[in-house]
Structures are given as structure tokens and as C-alpha cells.
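Survey of secondary and tertiary structure
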Amino acid sequence: MTENMNSDQQPTRRGVPLWAQITIWVALVALLVILALGLRRSQQGTVQPGDIIPDFSLKMFDGYNFQGKSEVKLSELRGNVVVINFWASWCKPCEQEAADLEQAWQYYQPSGDVVFLGADYVDTEPEARAYLEKFNISFPNGPDMGTRISQMFRIKGVPETYFIDREGVLQYIQVGPFASIGQIQSIVDKLLAQ
Amino acid sequence: MKKLIWITLIVVALAAIWTGIAAAQQPTPSDDQVNAVAHQLYCPVCENTPLDVCPTQACAQWRELIRQKLAEGWSQDQIKQYFVENYGARVLAEPPRQGLNWLAYIIPPVIILVGAFVLFRALKSWTQPAMRGSVPAEPETPAKKSEDDYVARFEEELRKHK
């Protein structure tokens, strides 16, 4: 009798139900995976030489066009060497290379083998247009709407310039402004010779 | 009389034009009005800097853009939408309630609820033993057991000698 009473009075330990434990652990693991993927992505550098660049389209500013079209798609430029320059009107280093890029475009444009594209990164249109006018930029230029293109390239800042070969493969990345037009020409000429 | 009618018509026409011009011109939005919108947006370039306090030239340009849009009669939501379309959803101070962004809204309250539950259970388990009072007051020790044996044997001997 006494023994029974003692056993009845033992405090009963009710743990968290199994289904709740499983749910909590699954949720925790899922959260950690998401955090890890986010961290990995944020620590990734830009796209790397050798990567095939996915297709994208760039709608140009009013007054700019490529072969009469106001929007250009990367996939339509296969067979050409493509130079994609990310810039912004508030970016002082971009001004250092603006004239060199335009000169290089003027140099290669007659051949038709090289296409220069300017992607204006998080900018305001009046200032962007003033910048283009100031440096007489004539190669196709447009705003990177919603930063879709820059996110695809995972750019880390401006200016950055990406050189894509005739097969659509990224071959060279220039982070920061070019030192001279000669630097641009040496890269483009290498790609044309391939 | 005819002259008077002409003068009246001209005056009415001029008044109508002047009123139209005045109505078309919105007053320039104040810094406070601009900052009320800018506060809901983040600089697309700098890390974690609200647009209303961001000191860079780029942010000054964006604040001017907000002023311009407000002067054109745009609403706060229209301006925010414009910024999202141009610079991506990351400019919003509050991420849009879609996709993985929901985690930002769900996880903090869930963690608080789970924490409160764990704390409640811990507090309950700490207070329960004292409240029950049914735990034996004196646990059986080896000394006490040997004493009981001795008493039992003593009583047995007494019974034999009766």
C-alpha cells in the first residue's frame, strides 16, 4: 500500500511531443541551410572567366539604339566580342575611363565585330543622361532596371567591365577603371584573335 | 457697350489661364515630406543606410528624385514602386511579403513564442516539487536500515523468551 502510494506520487516527466521535436529540428536545419546559402552567395565573387553568361536584355535610354533596335539581347550578339561596362553618374572613377571606352568603341565600331554595352547601375536618369552627354558616349547604353544584370554578374561596385568572347563565354574582368585605351584594346584584340 | 463686353471676356480669359497655371504648379515638397518617403527606403549602394540619412552624392540624387516625383503628384506607394522597379526590392525598408521574405516576418514571433513556452515549462518544473510536499522527508540510510534490523531481531528474541 505504502509502496503504491509512493510510486503514484512520483512526479511524472512529460517531455515535448515527438512530432513537435521533429518539427522544431527540421525548421532549425532548414533555417541554417537558408542562412548558409545566403552567406555563400554573398561571399561569392563576381562571375568568373570561363563562365557562360546567361542571356539578358538591356533596354536603352531614349536616343540610343543598336542596329535600329531600342533593346538588345546578349544572345543576339553571338559571334561578336561583347564588352559590358557597369557605370553610374555618381561614380567618380567611372569618369576616368569614360572617354577611353568611347574612343575604343569608335575604333572597333566600323569592323562590326565588337559591341560595347553600357549598363547604368542604380542611377537617376537626368544625371545619367548628363553624364553620357558630358563624355559624348555613343555606344548602346541603358539603365540596369531592378539591378537584374548587375546581380547576374554579381558585381561588387562600379566601374566593372566584362569581356565576353564570340561564343558567349566570359574571358576577362576589369574591376575599377581602365588605365588607358591601350589596355582595352589589348584585351579586345586578344579575344578577336581567338 | 461692345467694348465693355470685350474687356470682360479678356479679363475672364486671363483669369482662367492664370488659375490654370497656378493649379498646375505644385508647391515644392519640403525636406520633411521628402524624408518621410526616403525613410521608408534604403540606399541601393551603401550597406544598411536609410535614404533619409545617407550622406553620399548618390543618395542626394535619389532624394531629389523623390522631391521631383512628389511635386509631380506621385503618391508614396507609387514612388516606392518606382524605386523597386529601378533598383530592386532591396531598397525597401520593409521587405515585400512574398517568398523567402516571409521568414523575416514569421521567425521572430515564432522564436519569442517558443522561448516563452520553454521559460513557462522551466518555471513550472522549478516550483512543482516544493508545492507537492509528498517526497519522503527522511530518505532511508544504511545506518537506519541496520537499526531497523536490530529492533526486529530484538523483538523476535523477546517473543521467544515469553
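Here's what I pulled together on the structure shown here. Here the residue index of a chain counts from 1 through its sequence in written order. A letter from A marks each chain and a number from 1 marks each ligand, given out in the order of writing. Only residues with pLDDT of 70 or above have their local features reported here, since the model is predicted, and side-chain atom pairs are shown and tallied only from 80 upward, although totals for entire chains, interfaces and linings are computed over all residues. Hydrogen atoms and water are omitted, and side-chain values are computed over all heavy atoms in the structure.

All names here are of chain A. The distinction between a cavity and a pocket rests on a 1 Å grid over the protein atoms alone: a 1.4 Å probe fits inside a cavity but cannot get out, while a pocket stays open yet meets protein on both sides within 12 Å along at least five of seven lines, and a residue with an atom within 4 Å of a point counts as lining. Grid points are joined across faces, edges and corners, and a volume is the space filled by probe spheres set on the points. In total, this model carries 1 cavity of 30 Å³ or more according to the counting rule given. Quantified by volume, the largest cavity comes out at close to 60 Å³. Every residue along the wall of the largest cavity is listed here: Asn85, Trp87, Cys94, Ala98, Leu101, Tyr131, Leu132, Ile137, Phe139 and Asn141. Secondary-structure elements contributing two or more residues to the lining of the largest cavity are β3 (81-87), α3 (92-108) and α4 (125-134). Element by element, the count of residues in the lining of the largest cavity is highest for α3, at 3 residues. Polar here means any residue other than Ala, Val, Leu, Ile, Met, Phe, Trp, Tyr, Cys and Pro, which are nonpolar, and Asp, Glu, Lys and Arg, which are charged; Gly is therefore polar. Along the lines of polarity and charge, the residues of the lining of the largest cavity split into 8 nonpolar, 2 polar and no charged. Here a strand is any run of E in DSSP of at least two residues, a helix any run of H or I of at least four, and the numbering for each starts at the N terminus.

What follows concerns the interface of chain A and chain B. Should any heavy atoms of two residues lie within 4.5 Å, those residues are counted as being in contact. Contact residues are listed per partner, giving 19 residues for chain A and 19 residues for chain B. Throughout, the accessible surface (probe 1.4 Å) given up by two parts as they are put together, summed over both, is called the buried area. When the area that chain A buries against chain B is broken down by residue, the three leading residues are Trp90(A), Val122(A) and Thr124(A), summing to 29%. Salt-bridge detection follows one rule: a side-chain nitrogen of Lys or Arg within 4 Å of a carboxyl oxygen of Asp or Glu. If you look at where chain A meets chain B, you find 0 salt bridges. Definition of a polar contact: a pair of N or O atoms within 3.5 Å, with one able to donate and the other able to accept a hydrogen when the atoms are protein atoms, and with sequence-neighbouring residues admitted only if both atoms are side-chain atoms. Linking chain A with chain B are 7 residue pairs in polar contact (both at pLDDT 80 or more), by the criterion used here.

All names here are of chain B. Taking 1.5 Å of rise per residue, the 12 residues of helix α4 (residues 76-87) would be expected to cover 16 Å, and the 16 Å separating its terminal C-alpha atoms lies within 8% of that figure. Here α4 has its buried residues at Ile79, Lys80, Tyr82, Phe83, Val84, Asn86 and Tyr87. Turning to α4, the residues buried within the fold contact α2 (31-38) and α3 (57-71). At the C-terminal side of α4, Gly88 shows a positive phi close to 95 degrees. By this rule, a helix spans an expected 1.5 Å times one less than how many residues it contains. Under the scheme applied here, a residue whose accessible area is under 20% of the maximum for its type counts as buried, over 50% as exposed, and between as partly exposed, the area being computed with a 1.4 Å probe on protein chains only.

A separate point is a nonpolar patch on the surface. The patch calculation keeps residues exceeding 30% relative accessible area without a salt bridge and links them within 9 Å when they carry like charges or within 5 Å when they are nonpolar (Val, Leu, Ile, Met, Phe, Trp, Tyr). Methods summary: accessible areas were calculated by the Shrake-Rupley approach with a probe of 1.4 Å, and residue burial reflects only the protein chains presented. Together, Val16(A), Trp102(B), Ile106(B), Val110(B), Val114(B), Phe117(B) and Val118(B) make up an exposed nonpolar region whose accessible area comes to about 580 Å². Counting through the fold element by element, Val114(B) comes out in helix α5 (residues 102-132). Accessibility expressed as a relative area gives 38% for Val114(B), which makes it partly exposed.

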